[in-house]
There are 2 protein chains.
Amino acid sequence: MTLFKNKSAFLAVLLITGIQMGQAQQQEKPNIVVFFVDDLGWQDTSEPFYKEKTPINKRFHTPHIEALAQDAVKFTDAYATPVCTPSRVSFLTGLNAAHHKVTNWTNPKANTATDNPDELLTPPDWNINGLSPIPNVPKTIYATPFPSILKEHGYYTIHIGKAHWGAAGTPGSSPLNLGFMVNVAGHAAGHPQNYYGEKNYGNIAGKASYQAVPDLMEYHGTSTFLTEALTQEALKAIKEPIRRKEPFFLHFSNYAVHVPIQPDPRFVQKYLEMGLDSTEAAYSSLVEGYDKSMGDIVKFLKDQGVYDNTVIVFISDNGGLSLQPMRTGPSHTQNLPLKAGKGSLYEGGIRVPLLIKNVGQHERKINHNPVIIEDLFPTILDLAKIDKYQVIQQKLDGQSLVELLTGADENDNWKNRSLIWNIPNKWTVPDGPAINFFSAIRQGDYKLLYDMKNGKVELYDLTKDIGEKNNLAKKMQSKTKALSILLSEQLKSWNAQLPTYKSNGSQVPYPDQIKL
Amino acid sequence: MTLFKNKSAFLAVLLITGIQMGQAQQQEKPNIVVFFVDDLGWQDTSEPFYKEKTPINKRFHTPHIEALAQDAVKFTDAYATPVCTPSRVSFLTGLNAAHHKVTNWTNPKANTATDNPDELLTPPDWNINGLSPIPNVPKTIYATPFPSILKEHGYYTIHIGKAHWGAAGTPGSSPLNLGFMVNVAGHAAGHPQNYYGEKNYGNIAGKASYQAVPDLMEYHGTSTFLTEALTQEALKAIKEPIRRKEPFFLHFSNYAVHVPIQPDPRFVQKYLEMGLDSTEAAYSSLVEGYDKSMGDIVKFLKDQGVYDNTVIVFISDNGGLSLQPMRTGPSHTQNLPLKAGKGSLYEGGIRVPLLIKNVGQHERKINHNPVIIEDLFPTILDLAKIDKYQVIQQKLDGQSLVELLTGADENDNWKNRSLIWNIPNKWTVPDGPAINFFSAIRQGDYKLLYDMKNGKVELYDLTKDIGEKNNLAKKMQSKTKALSILLSEQLKSWNAQLPTYKSNGSQVPYPDQIKL
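Residues numbered from 1 in each chain as written. Chains lettered and ligands numbered in written order. Predicted model: local features only at pLDDT ≥ 70, side-chain atom pairs only at ≥ 80, totals over all residues. Heavy atoms only, no water.

### Quick notes on helix H9 (residues 278-303) of chain B
Residues and elements named next belong to chain B. Compared with an ideal rise of 1.5 Å per residue, which puts 26 residues at 38 Å, H9 spans 37 Å between its outermost C-alpha atoms and is within 8% of the ideal. Counting buried residues along H9, 19 of its 26 residues qualify, which places the element largely inside the surrounding structure. Its side-chain oxygen placed 3.0 Å from the backbone nitrogen of threonine 279, aspartate 277 serves as the N-cap of H9. The first or second residue beyond H9 is glycine 305, which carries a positive phi of 75 degrees. (Helix = DSSP H or I, 4+ residues; strand = E, 2+ residues; numbered from the N terminus. Expected span 1.5 Å × (residues − 1). Buried < 20%, exposed > 50% of the residue type's maximum accessible area, 1.4 Å probe, protein only. Polar contact = N/O pair within 3.5 Å; in protein donor to acceptor, adjacent residues only side chain to side chain.)

Right, here's the structure in full:
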């Protein structure tokens, strides 16, 4: 009888625990929405990520990004790589680009490097086919993308918009191979052929290129701008996990604001009236269109009662484009006071806006620690409360930012971490300001750049000189030397790739081999 | 103490019940896989659906369809409409095509009728934009597609391959609006531009048409035939619900065997060696390729231990194509002994193979009752044990076949039901054998056809004359009259559409107004 009583009590406990576990599973895991923007510069929002509103901030209208910042941690010193695919692969794998070796954007066509010819240097044999979730695919980084882990842990995983993780003919070209259950409009291409529904987003018989956006036929021939079509698809897709009461991961990777810079008719007039030329007004309208998408999705989350239990991340994949003639004005002035833009290892090319809203957060916070795109992999798994997971083979470079979401801004460990970039590639035909064949390190206030082609290093104190105008390399030789060594050691530890001289096939020296 | 004991016992019962309910929920609902083939003729399998193997059956090799027939009910007298979109819309809505008024195939371009010009008649204002799940979309049938109902009842719903339910620019062009959570390669187009991975399934810059197959970039530039690529996508997609232990609905709607008739290199050699010409060998290879897909998917279901709990349906959307020069040989001989082929209301155009494997079925059965494609809507919901559901506005025409799956073949109610077709359209430029402007009724052994253009009716006894050679209209005037009335009444009850005379705009007469 005693035994029976105990057994009953045991069963009752089991039962109650069982019920609680069932409920907890639904409520415990937060939803995760990542607003991944393409080519959005650090200041291309009306929410400033600098210590003050800059003239650039002032020309943009992004009320929904501002509103999100009210409930989020704003990272002022967040970084990505200078071009898209490397950042996207770092995001999905938690690896630094020097480590995963997808160091330039991937051509939609397989086995086709995107480097331009150079008279002096030859780029290394980098992973020109991008990311692969299965082994032995030539010229890919074989790694576990975190959406696969989320899916295995009960997440309903959705990709909307630009993918650009791998070349056609390889599994990485399909988000369905990277842990996403649902994919709308993501493939191997890195930009849309056309933003207009009237132009079928490029899908016109005899005119379609590889950049024609797939999956959106229901909007063909309508006046639905691409940004809006993808927003509608996102809202449609997240309805299902909300109905199922399942945690979801939405990767909202709208094609905006990448070229072609075509005006979003919903917003362009305002910018023309501000006096911007047609190109810059169009660019601003693409930005505000993206902001509208964010607003619509956040409103839907609130209407559905799931906003509080949703982690929201907002980030760009690289700095703002600063090349003539795609942008107006002299090249490399579009991100001032930051130097240069997309493609460059100066701040204009790699510093990006980053907001992270935690579950239940209704408080504005600012964090000045340097963080980088590969940090999002462990951060997201951490926020999803997934502490045990297996990855194929990658040793993560990113670090979870969760302690920065709750703790104070002051944190020496974080402040003194070193962030690394390595671009052994030729992105543009003219070598620009820190564009083509550069590596760099940021540690604390200082940033060292290594110009492989010219065998020179530069040193800047970012705190005092965010515009990287005052090269301290000669003045602060010991700092320069120390950072050169640190950068070289880190590159070696990853077997990071360097270009070779065309003349003799030998590799360019490491930065610590350069004479000051 | 007694109370406590009872309470414990009660809790224990609850606990056990709870566990059982949890398990039962997972196991109770069967998975549903529909192999929906495009343009496959009634005899284009090595499994005969006639009383004997015909010469046509003998040239095909479809071992996996034969194997499925061992575990299934074979319907010898199953029907669809004579062209694809009407059948596909009937399948999803449970409505007869005369009722839903998508009576011809839909152009991928919105608001564009596909009818050819005719010197005598003008087609009616049919639903040229196809199916719509939302109201007030011009020229669509607004109805609830059954995958939406399955999804609401816990099914994980997947569409792979050809969709062709609605025109571009309308919601029906996207399977994601029709109840599918996952869509791979389905859109507004009705055939693939190209079956070859080497040709990117048509996606070649400057050459892509609206028929270029979307979503399959990972196979571009590879030797993966389209049929195989879609099979791989199906296997990938069903892994997730199997892992989740959720019931799933897979609509596997491979583009094969629709034109362009391109040889599937895996199988074509055999047919060339049989002495078939290159076109017919290619056609046979498309059929065997589809059969291989079925085999691979069934094997996967077995390997995963879910085959027994899976309902499998195999059907074609219309009769086999019988037009020169797409097929070889004189036109309309490709389905003999059936008369004519795709597009025709003679048996060659509308009689289709149908197998239904019930849960746990390991027995071969044959059923001779006349059944039609709209029967699948209520059949599938019945097999999914969904007895309460709401549809927007449609009054179902289809009837659940479930009693035919378990009961005897003899069933007068079923035998004497009337099946209706109405084609007020001009599908091909030459009016063919019962192609363009025809309606028809089958009741019991008899079938009456109404030739609207020539104002004539024909009557056949299908039991004795499956080839529809012996027109009994004059010999059996009372039967002819009775069926003419029945057909007319049914058309009127649906407000079925008839063409009008160009000369005066008046509608053609109903069949019961025709003088014999």
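### Section: the interface of chain A and chain B
When the parts of a complex come together, some accessible area is lost, and that lost area is often used as the size of the interface. Each partner contributes to the interface: chain A provides 47 residues, whereas chain B provides 47 residues. Between chain A and chain B lies a buried interface of about 3500 Å² when both sides are counted; carbon and sulfur atoms form 59% of it. Scanning the region where chain A abuts chain B turns up 4 salt bridges. A salt bridge links A:Glu240 to B:Lys151; the nearest nitrogen and oxygen atoms lie 3.9 Å apart. Between the two partners, chain A and chain B, sit 18 residue pairs in polar contact (both at pLDDT 80 or more). (Contact = heavy atoms within 4.5 Å. Buried area = accessible area lost by both parts, 1.4 Å probe. Salt bridge = Lys/Arg side-chain N within 4 Å of Asp/Glu carboxyl O.)

### A closer look at the relation of the copies chain A and chain B
Aligned on chain B, chain A shows an RMSD of 0.0 Å; the corresponding rotation is 180 degrees and the shift along the axis is 0.0 Å. In short, the pair behaves as if placed about a two-fold rotation axis. Closest approach to the rotation axis among the C-alpha atoms of chain A is made by A:Gly206, whose C-alpha sits 2.3 Å away. Interface overlap between copies: 100% of the residues of chain A at the interface are likewise at the interface in chain B, consistent with a symmetric, same-surface contact. (Least-squares fit on C-alpha atoms with pLDDT ≥ 70 in both.)

### Description of the side chain of B:Glu246
Along the chain, B:Glu246 falls in the loop between helix H7 (226-244) and strand S8 (248-253). A polar atom in the side chain of B:Glu246 sits 2.9 Å from the side chain of B:Arg244. Apart from residues no more than four positions distant in its own chain, B:Glu246 is found in contact with A:Arg244, A:Glu246, B:Asn31, B:Tyr156 and B:Pro241.

### Some details on the packing of aromatic side chains
Aromatic ring pairs: the centre-centre distance and the angle between the two ring planes describe each pair. According to the stated counting rule, one finds 32 aromatic pairs over all chains in the structure shown. Plain terms: the ring middles of A:Phe60 and A:Tyr283 are 6.0 Å apart, the flat faces sit at 80 degrees to each other, and that makes the pair edge-to-face. Here A:Phe60 is found in the loop between helix H2 (55-59) and helix H3 (63-69), whereas its partner A:Tyr283 is found in helix H9 (residues 278-303), with 223 residues between them in sequence. In this structure A:Tyr283 comes out as buried when scored by relative accessible area, which is 1%. On the numbers, 5.3 Å between centres and 55 degrees between planes, the contact of A:Phe146 with A:Phe249 is tilted. With A:Phe146 in helix H6 (residues 146-152) and A:Phe249 in strand S8 (residues 248-253), this residue pair connects regions lying 103 residues apart in the sequence. The pair A:Phe146 / A:Phe249 is uniform in exposure class, with both members buried. Here B:Arg327 stacks its cationic end above the ring of B:Tyr283, 3.8 Å away from the centre of that ring. Across the ring face of B:Tyr346, the terminal group of B:Lys339 is positioned such that the distance to the ring centre comes to 4.0 Å. (Phe/Tyr/Trp six-rings, centres within 6.5 Å; stacked < 30°, edge-to-face > 60°. Lys NZ or Arg CZ within 6 Å of the ring centre and 35° of its normal.)

### A look at the sheet that holds strand S15 (residues 446-451) of chain B
Residue and element names in this part refer to chain B. Taken in spatial order, the 4 strands of this open sheet run S13-S14-S15-S16, and their pairing is antiparallel. The open sheet is flanked by strand S13 (418-423) and strand S16 (456-461), the only strands paired with a single partner. Neighbour-to-neighbour, the strand axes of the sheet open up by a mean angle of 10 degrees, direction not taken into account. Here S13 runs beside strand S14 (residues 438-443); their pairing, made up of 6 bridges, is antiparallel. Along S14, the bridge assignment pairs asparagine 422 with serine 439. Packed on one face of the sheet, helix H14 (residues 477-493) meets S13, S14, S15 and S16 and runs near 115 degrees to S14. (Pairing = 2+ DSSP bridges. Axes fitted to C-alpha atoms, helices over the stretch in contact; angles between N-to-C directions.)

### With respect to unusual backbone geometry
Cis geometry is found at the peptide bond from A:Gln324 to A:Pro325, where omega equals 0 degrees. Along the polypeptide, A:Pro325 turns up in the loop between strand S9 (310-316) and helix H10 (347-350). In this chain, A:Leu336 is followed by A:Pro337 through a cis amide linkage whose omega measures 10 degrees. Tracing the backbone shows A:Pro337 in the loop between S9 and H10. In this model, A:Asn111 sits at a positive phi of 60 degrees, which is unusual for a non-glycine residue. By the element assignment, A:Asn111 lies in the loop between helix H5 (97-100) and strand S3 (121-122). A positive phi angle, near 65 degrees, is found at B:Asn136, a position not held by glycine. In this fold, B:Asn136 is placed in the loop between strand S4 (131-132) and strand S5 (141-142). Overall, B:Asn136 belongs to the exposed group, its relative accessible area being 76%.

### Remarks on helix H7 (residues 226-244) of chain A
Working note: α-helix, 3.6 residues per turn, so residues spaced by three or four point in the same direction. Residues and elements named next belong to chain A. Here H7 contains 19 residues, and its C-alpha end-to-end distance of 28 Å stays within 8% of the 27 Å for a straight helix at 1.5 Å per residue. A large share of H7 lies buried, amounting to 15 of its 19 residues. Lysine 245 lies just past H7 and shows a positive phi near 55 degrees.

### Examining the environment of A:Gln262
Residues and elements named next belong to chain A. On the secondary structure map, glutamine 262 appears in the loop between S8 and helix H8 (268-273). Through-space distance from the C-alpha of glutamine 262 to that of isoleucine 297 is 23 Å; in sequence the pair is 35 residues apart. Filtering out sequence-adjacent residues up to four positions away, glutamine 262 remains in contact with Asn194, Tyr195, Tyr196, Phe225, Ala282, Ser285 and Leu286. Reaching out from glutamine 262, the side chain makes a polar contact with the backbone nitrogen of tyrosine 195 at a distance of 2.7 Å.

### Concerning the side chain of B:His100
Residue and element names in this part refer to chain B. Examined against the element boundaries, histidine 100 turns out to sit in helix H5 (residues 97-100). Of the polar contacts made by the side chain of histidine 100, one reaches the backbone oxygen of proline 86; its length is 3.2 Å. Beyond its immediate stretch of four places on either side in the chain, histidine 100 contacts Pro86, Val89, Ser90, Thr93, Leu95, Asn127 and Ile141.

### Quick look at the sheet that holds strand S15 (residues 446-451) of chain A
Residues and elements named next belong to chain A. In spatial order, the strands read S13-S14-S15-S16; together these 4 strands make up an open sheet with antiparallel pairing. A strand with exactly one partner marks an edge of an open sheet, and here the two such strands are strand S13 (418-423) and strand S16 (456-461). Pairwise comparison of adjacent strand axes, ignoring direction, gives a mean angle of 10 degrees for this sheet. Where strand S14 (residues 438-443) lies against S15, 6 bridges are found, and the strand directions are antiparallel. The residue of S15 that forms the bridge with phenylalanine 438 is aspartate 451. On the sheet, helix H14 (residues 477-493) packs against S13, S14, S15 and S16 and is oriented at approximately 115 degrees with respect to S14.

On their own, these measurements won't tell you what the molecule is for.
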